[in-house]
Amino acid sequence: MIIKFVHKELSDVEYISEISRHNPKVIERFYNVCVKYFMQSYKDIFKRQDIKEDIFQQSFVKLWTEIETGR
């Protein structure tokens, strides 16, 4: 996945590297991109918004934990 960020595209590896360095702009952008992708991709699967948000949050925490631990 390559995402445009501040006139520059970041690869997955660059995202992970910048998140590991605790770059707040990249962290915010990463979160926003993930939310947008999840909500658009799974909008028809979950009928209740609260369940969809809860599943996203659980998934994002798992992803974040994997990034932070270097897995």
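Use the structure listed above.
The model shown is predicted, which means the values in this text are computed figures rather than measured ones. (Residues numbered from 1 in each chain as written. Predicted model: local features only at pLDDT ≥ 70, side-chain atom pairs only at ≥ 80, totals over all residues. Heavy atoms only, no water.)

*Asks:* Kindly report on helix H3 (residues 49–69), identifying the contributing residues and their values.
*Replies:* The terminal C-alpha atoms of H3, which comprises 21 residues, lie 30 Å apart, in line with the 30 Å expected from a rise of 1.5 Å per residue. Of the positions making up H3, those classed as buried are Lys52, Phe56, Phe60 and Ile67. Around the axis of H3, the buried residues are gathered within 60° of arc, so they sit on the same side. Opposite the buried face of H3, by more than 90 degrees, sit the exposed residues Gln58, Lys62 and Thr69. Of the residues flanking the end of H3, it is Gly70, one or two places downstream, whose phi is positive at about 75°. (Helix = DSSP H or I, 4+ residues; strand = E, 2+ residues; numbered from the N terminus. Expected span 1.5 Å × (residues − 1). Buried < 20%, exposed > 50% of the residue type's maximum accessible area, 1.4 Å probe, protein only. Arc of directions from axis to C-beta.)

*Asks:* Mind laying out the pattern of salt bridges, listing which residues take part and the relevant values?
*Replies:* Scanning the entire structure with this criterion turns up three salt bridges. Salt-bridge contacts for Glu18 lead to Arg21; the nearest nitrogen and oxygen are separated by 2.7 Å. Residue Arg21 is classed as exposed on the basis of its relative accessible area of 58%. The partner of Glu66 in a salt bridge is Lys62, with the nearest N and O atoms 2.8 Å apart. In this pair, Glu66 and Lys62 both sit in helix H3, four residues apart, roughly one turn of the helix. (Salt bridge = Lys/Arg side-chain N within 4 Å of Asp/Glu carboxyl O.)

*Asks:* How would you explain the nonpolar core if you had to name every residue and give the values?
*Replies:* In terms of nonpolar packing, the biggest core is built from 12 residues, these being Leu10, Tyr15, Ile19, Val26, Phe30, Val33, Cys34, Phe38, Phe46, Phe56, Phe60 and Ile67. Elements supplying a minimum of two residues to this core: helix H1 (12–20), helix H2 (24–41) and H3. Here this core takes five residues from H2, the largest share from any one element. (Core = buried A, V, L, I, M, F, W, Y, C linked by side-chain atoms within 4.5 Å.)

*Asks:* I'd like to hear about the environment of Gln57, residue by residue, with values.
*Replies:* With respect to the helices and strands, the residue Gln57 is situated in helix H3. Sequence-wise, Gln57 and Val35 are 22 residues apart; in three dimensions their C-alpha atoms are separated by 9.0 Å.

*Asks:* Explain the side chain of Lys52 to me, and be specific about the residues and the numbers.
*Replies:* Among the structural elements, Lys52 can be located in helix H3. Nearest to the buried, unbridged Lys52 among oppositely charged side chains is Glu53, at 7.4 Å. (Lys, Arg positive; Asp, Glu negative; His and termini not counted.)

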